[in-house]
Structures are given as C-alpha cells and as structure tokens.
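Structural overview
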Amino acid sequence: MSTTEPLYSRTDSALGTFAIRPLDPFSDAELLHGWVTHPKAAFWMMQDASLPDVEREYMKIAAAEHHDAFIGLHEGRPAFLMERYDPSKLELVGLYDAQPGDVGMHFLVAPSDTPLHGFTRAVITTVMAALFADPEIRRVVVEPDVNNTAVHALNEAVGFVADGPVQKPEKEALLSFCTREQFETATGLTGATV
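It should be emphasised that the depicted structure is a prediction, and the values quoted were computed from it without experimental measurement.

Right, let's get into the overall build of the protein chain. Each helix and strand counted, the protein chain has five helices and eight strands in total. Each helix (α) and strand (β) of the protein chain, taken in turn from the N terminus, gives the series β-β-α-α-β-β-β-α-β-α-β-β-α. For the protein chain, whose C-alpha radius of gyration is 16 Å, the value lies close to the compact-globule estimate of 16 Å for 194 residues. Intrachain contacts of the protein chain at a sequence separation of at least 6 include 59% that bridge at least 24 residues. For the protein chain, the accessible area works out to roughly 9,800 Å², and carbon and sulfur atoms hold 52% of it.

Burial analysis of strand β5 (residues 102–109) places seven of its eight residues in the buried class, the great majority of the element. With six bridges joining them, strand β4 (residues 77–85) and β5 adopt antiparallel strand pairing. Residue Phe80 lies in a different strand from β5, and its bridge partner there is Val109. In terms of strand pairing, β5 meets strand β6 (residues 139–142) through three bridges, oriented parallel. Residue pairing across strands places Val103 opposite Val140, the latter belonging to β6. Crossover handedness for the path β5 to helix α3 (residues 119–132) to β6: right-handed.

What follows is about the side chain of Glu83. Relative to the helices and strands, Glu83 resides in strand β4. Buried charge without a salt bridge: Glu83, with Lys168 as the nearest opposite-charge side chain at an N-O distance of 9.6 Å. Of note is the side chain of Glu83, whose polar atom sits 2.9 Å from the side chain of His67. Not counting residues within four places of it along the chain, the set of residues in contact with Glu83 comprises Trp44, Tyr58, Ile61, His67, Asp68, Ala69, Gly104, Met105 and His106.

This paragraph deals with the packing of aromatic side chains. Summed over the entire model, instances satisfying the criterion amount to three aromatic pairs. Their ring planes at 45° and their centres at 5.5 Å tell us that Tyr96 and Phe177 sit as a pair that is tilted. Here Tyr96 is found in the loop between β4 and β5, whereas its partner Phe177 is found in strand β8 (residues 172–179), with 81 residues between them in sequence. With 5.6 Å between their ring centres and 35° between their planes, Phe132 and Phe183 make a pair best called tilted. Here Phe132 is found in helix α3, whereas its partner Phe183 is found in helix α5 (residues 180–187), with 51 residues between them in sequence. An identical accessibility class is assigned to Phe132 and Phe183; each is buried.

Scoring rules and cut-offs
Residues numbered from 1 in each chain as written. Predicted model: local features only at pLDDT ≥ 70, side-chain atom pairs only at ≥ 80, totals over all residues. Heavy atoms only, no water. Helix = DSSP H or I, 4+ residues; strand = E, 2+ residues; numbered from the N terminus. Rg over C-alpha atoms; globule rule 2.2 N^0.38 Å. Contact = heavy atoms within 4.5 Å. Areas by Shrake-Rupley, 256 points an atom, 1.4 Å probe, with all protein chains shown as cover. Buried < 20%, exposed > 50% of the residue type's maximum accessible area, 1.4 Å probe, protein only. Pairing = 2+ DSSP bridges. Right-handed = clockwise from strand over helix to strand, strands pointing away. Lys, Arg positive; Asp, Glu negative; His and termini not counted. Salt bridge = Lys/Arg side-chain N within 4 Å of Asp/Glu carboxyl O. Polar contact = N/O pair within 3.5 Å; in protein donor to acceptor, adjacent residues only side chain to side chain. Phe/Tyr/Trp six-rings, centres within 6.5 Å; stacked < 30°, edge-to-face > 60°.

Below is the structure:
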C-alpha cells in the first residue's frame, strides 16, 4: 500500500481533518528524528538517537509481526506518530492478564512553534477512533511513565481508567485500560466514525 494513502481519517469540528497513513522507515526517518529527539519528547526515551538509530528502530518495527507504526496527518501535513502493538507479545508480557481484543498504543505529537488549543486531545481521539475502527479491538492498553501527568490527563479524557503502576525494564509505568464503551462514553464517538 502507498504510504500516502490514508488508512483512517476523521474530521474534528474545531480543528479539521486528521488522518493516519503507514509509516515508511526510510522516507519518514528524518521527520521522526526531529520529533523523537525534541526536548518535549523526553518520555519517548530517544533524546540521544541519531538519524540512523531512528531509521533502524522504525525498520525493526516495520519488520515486526506484532508492532506497527503510522504517521498521523493534520490537514494533510505530518503532525503525530502512532504505534500499535500486541501487549500479549510485546511491552507488557507477564505484567497483566492480556485479553482477546487487547491492543497496546503509543502516540507522540510533533513539536510545534504555534500550538493549537485542543490539538493533542484531538490527536489521541483520532488514534483511539482509528484503533476501535477495527471490530476485533475491544480494549486499548497503555503504559506511560508514571511521571507523565500530562498524558495521564489526556488518557482519562478519552476514557482510560488507571489500573496501577507496573515496573518495566526502562520505567515505572501507569498501566491503564480503555474499552470501546468507555471511549464512546467519554468522547461521544464510535470507533467506526470516519
């Protein structure tokens, strides 16, 4: 599939069109490098990554059976990174009781000199709606750093409920879950909304 072809899109009443396309580890590496090494991306844990490091990391994800990465667009321009993974195979193996229909998610909003009010919330809403557009997905699982209070508030705004801290090799994480019903109640959207 072409990397320019959106896999999912939605229109936010205040901020316009958001879409998600496949990530190309070669053509997107330079863009991603600027995002993941930015000071605001400290919780992404790639601050010191070189351009080849970023390319290798996303080549590894592209080749992985249980991990995918996507570029999020706002009004047609790259604006965020989205990853989804199988938490029963990666990241959270042995740290919680995985259920059928669980999917893990990470997202990163690109740095901006002109932030838009409500933008990050529109991004996480888009990411969640895209995940729930897959009828097989029943629950989204996240594991942000326990100190990342900004993302905890965003997660809660779209329906996540914190389960408690878990110790991962690289961080203490706040394990949180969001079912399809919790997302729909929190946002008024259904996953199938395009």
